[in-house]
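# Structural description and commentary
Residue strings, one per chain:
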Amino acid sequence: MSKGRIRRRKGGGGKQVEDAHRDRVVLGADWMTGLPERYRDVPLCCLAIPGSHNSCSVYRDEESNVDQRSDPIYRQYVDHMGELANKISHRWTVTQSLSITEQLDAGVRYLDIRVTARQGDREDLNVYFRNGPNIIIILKEIRRWMDLHPKEVILLDFRVVHKMSQAHHRYLLANMTDDVFRGRLLECTGVVQAVTLRNMSAIDAQIIVFYPKECEQQHTCVWPNEYIGYLHPQAQSTRDMIDRLNTRYQHGRPPHVFFSWDGVLTTTNEYLANNLHSTLRDSLSRPATRALCNWVRNKDIRHGDMNIVVADFVETSSFVDEVIRVNYELRELRKYDFESCVCNIL
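I will try to describe carefully the structure that is included in this document. Everything quoted here is computed from the prediction, not taken from an experiment. (Residues numbered from 1 in each chain as written. Predicted model: local features only at pLDDT ≥ 70, side-chain atom pairs only at ≥ 80, totals over all residues. Heavy atoms only, no water.)

## A look at the overall build of the protein chain
Along the backbone of the protein chain there are 10 helices and 13 strands. Evaluated residue by residue, the protein chain yields a buried proportion of 53% over its 346 residues. Partitioning the contacts of the protein chain with sequence separation of at least 6, the portion at a separation of at least 24 is 75%. Total accessible area on the protein chain stands at roughly 15500 Å², and carbon and sulfur atoms take up 47% of it. (Helix = DSSP H or I, 4+ residues; strand = E, 2+ residues; numbered from the N terminus. Buried < 20%, exposed > 50% of the residue type's maximum accessible area, 1.4 Å probe, protein only. Contact = heavy atoms within 4.5 Å. Areas by Shrake-Rupley, 256 points an atom, 1.4 Å probe, with all protein chains shown as cover.)

## Here's the deal with helix α2 (residues 84–93)
Taken together, the buried positions of α2 are occupied by A85, N86, I88, S89, W92 and T93. Relative to the axis of α2, the buried residues are bounded by an arc of 160° and lie together on one face. (Arc of directions from axis to C-beta.)

## Here's the deal with the nonpolar core
By size, the foremost hydrophobic cluster in this structure holds 96 residues, and its most contacted members are L44 and F258. For this core, the leading source of residues is helix α9 (residues 280–296), giving eight residues. For L44, the residues in contact, after removing those within four places along its chain, are M32, I49, V153, V195, T196, L197, M200, I208, F258 and N307. (Core = buried A, V, L, I, M, F, W, Y, C linked by side-chain atoms within 4.5 Å.)

## Quick word on the packing of helix α7 (residues 238–251) against α9
Two packed helices can be described by the angle between their axes and the distance between those axes. Axis separation between α7 and α9 bottoms out at 10 Å; the angle between their running directions is 35°. The way α7 lies across α9 gives a crossing that is right-handed. Residues T238, M241, I242, L245, N246 and Y249 of α7 form the contact with α9, whose participating residues are P287, A288, A291, L292 and W295. Considered class by class, the residues forming the contact of α7 with α9 number nine nonpolar, two polar and no charged. (Axes fitted to C-alpha atoms, helices over the stretch in contact; angles between N-to-C directions. Left-handed = near helix turned anticlockwise from the far one by under 90°. Nonpolar A, V, L, I, M, F, W, Y, C, P; charged D, E, K, R; others polar.)

## Some remarks on the pairing of strand β9 (residues 228–231)
Bridging between β9 and strand β10 (residues 258–262) involves four bridges; their strand directions are parallel. From the neighbouring strand, L231 faces β10, where its bridge partner is W261. Once you follow β9 into α7 and on to β10, the crossover reads as right-handed. (Pairing = 2+ DSSP bridges. Right-handed = clockwise from strand over helix to strand, strands pointing away.)

Structure follows, in structure tokens:
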């Protein structure tokens, strides 16, 4: 079997019949375990993997001031609205409503992690989620889940590391590699296309950690973030978001790295000022995730262009299930209709 493609078999009369159409689709907490045997040799960078945007924002504490001043929404309104600024910021920065365990149970396998250090205490080497709890608490939650699902693989991507000294990085990396994920981390080999479910299972590896290259201190147990690429549309409408996803998809993505297709909309100051009484979820995230699900329905993994697909509020529109199904179903070409919000077969 060639890397990154699904094997075909000859049907009667020489017709090409896709094996994927006959497979029972497994969803939920053990979907990787339930993939057909032939998928265990497909590089992970060529499988369709559901991901969550700013995965731990569900833990954001509205009363926390750990990283308050670095929040642009808070800074914009604090002088005029005082304590109300924190409530507005909370409504427009929380991107998930499920806990990490609930996300993993639903089938999410890519986690977007954003952390910061507490300022003012040089002796405190703990690292926190922005306006949230100590990250070690969540890492241990992930490990407990992994122990219950030994054939599942998680991609942990530290997309944002804020205000952290080298001592903070050393402390966090040591906690992950020597304690929480000891014996389960896939060491960086530099060969992304050799990373398969079968190869990871053979060495009991269950988690891949991506970490900013300038901060990872050549730690062999984590992968520098040069091994993962992103398309973040920076769009304010679903139409623009889909157009930018399509443009990159048509031109292809880098072949020798993991790749994240981010199906999220970006808030502008003007939009926020006109929608203060609404929420990110109702105004932007739900429409974006619905549009993303329809975009995904037009894709398959035969050509290796799909990989990680990221959304806000991953329980919306059966997003996780739609991404998992991409691994099984070879779909006919469809066109997204912005009026009806559905994909029509051409």
